[in-house]
Amino acid sequence: MAGAQAEAKTSRNTVQRALVLEAVRSLRNHPTSADVYEKVRQQTPSISRATVYRNLGVLAERGDVLRVEVPNGADRYDFVQHPHYHAKCRACGRVFDVDMPYHADLVDEIADAHGFKIEGHQITFSGLCADCQRVLNL
């Protein structure tokens, strides 16, 4: 019986993880974990917030989604998995992909006096998005 219970739990986790992944892909706007939870809950009202958050963590660890760490804000999740840069609007808080080449060799150019071995980087630019510039007449 224990084997059947473990198999049912694994199957449920796989289904839940697929729902979370699909929510990130369908939102396409760098959603927060709360945004993803609300989207999944529309389809599966019984799902818990902890289940969604846990599965987002697993998906990010596996590389199925990219976790975008936003300074002074909630982490965002991106369906675009290859390394790229982001910009966060200081007025509305939205996060956007930046259309520029990713500089993987930047790590090789950095020397650290403290012996820190840099393995990668994630850059988020800040400023005002086009919509907020229009609203603020800039």
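Right, let's walk through the structure included here. (Residues numbered from 1 in each chain as written. Predicted model: local features only at pLDDT ≥ 70, side-chain atom pairs only at ≥ 80, totals over all residues. Heavy atoms only, no water.)

1. Considerations on the nonpolar core
Within the largest apolar cluster, 15 residues are counted, with the highest numbers of intra-cluster contacts made by Val20, Val24, Val36, Val40, Val52, Leu56 and Val65. Looking at this core, the elements with two or more residues in it are α1 (2-27), α2 (33-43) and α3 (49-62). Leaving out residues up to four positions away in the same chain, valine 20 has contacts with Val36, Val40, Val52, Asn55, Leu56 and Leu59. (Core = buried A, V, L, I, M, F, W, Y, C linked by side-chain atoms within 4.5 Å. Buried < 20%, exposed > 50% of the residue type's maximum accessible area, 1.4 Å probe, protein only. Helix = DSSP H or I, 4+ residues; strand = E, 2+ residues; numbered from the N terminus. Contact = heavy atoms within 4.5 Å.)

2. Considerations on the pattern of salt bridges
Applying the stated criterion across every chain, the model contains four salt bridges. Among the ionic pairs, arginine 62 bridges to aspartate 64, the shortest N-O distance being 2.9 Å. Given a relative accessible area of 53%, arginine 62 falls into the exposed group. (Salt bridge = Lys/Arg side-chain N within 4 Å of Asp/Glu carboxyl O.)

3. Considerations on a nonpolar patch on the surface
A cluster of nonpolar side chains, namely Val135, Leu136 and Leu138, defines an oily patch on the protein surface of about 340 Å² accessible area. In this structure, valine 135 sits in helix α5 (residues 130-135). (Patch = residues over 30% accessible without salt bridge, like charges linked within 9 Å, V, L, I, M, F, W, Y side chains within 5 Å. Areas by Shrake-Rupley, 256 points an atom, 1.4 Å probe, with all protein chains shown as cover.)

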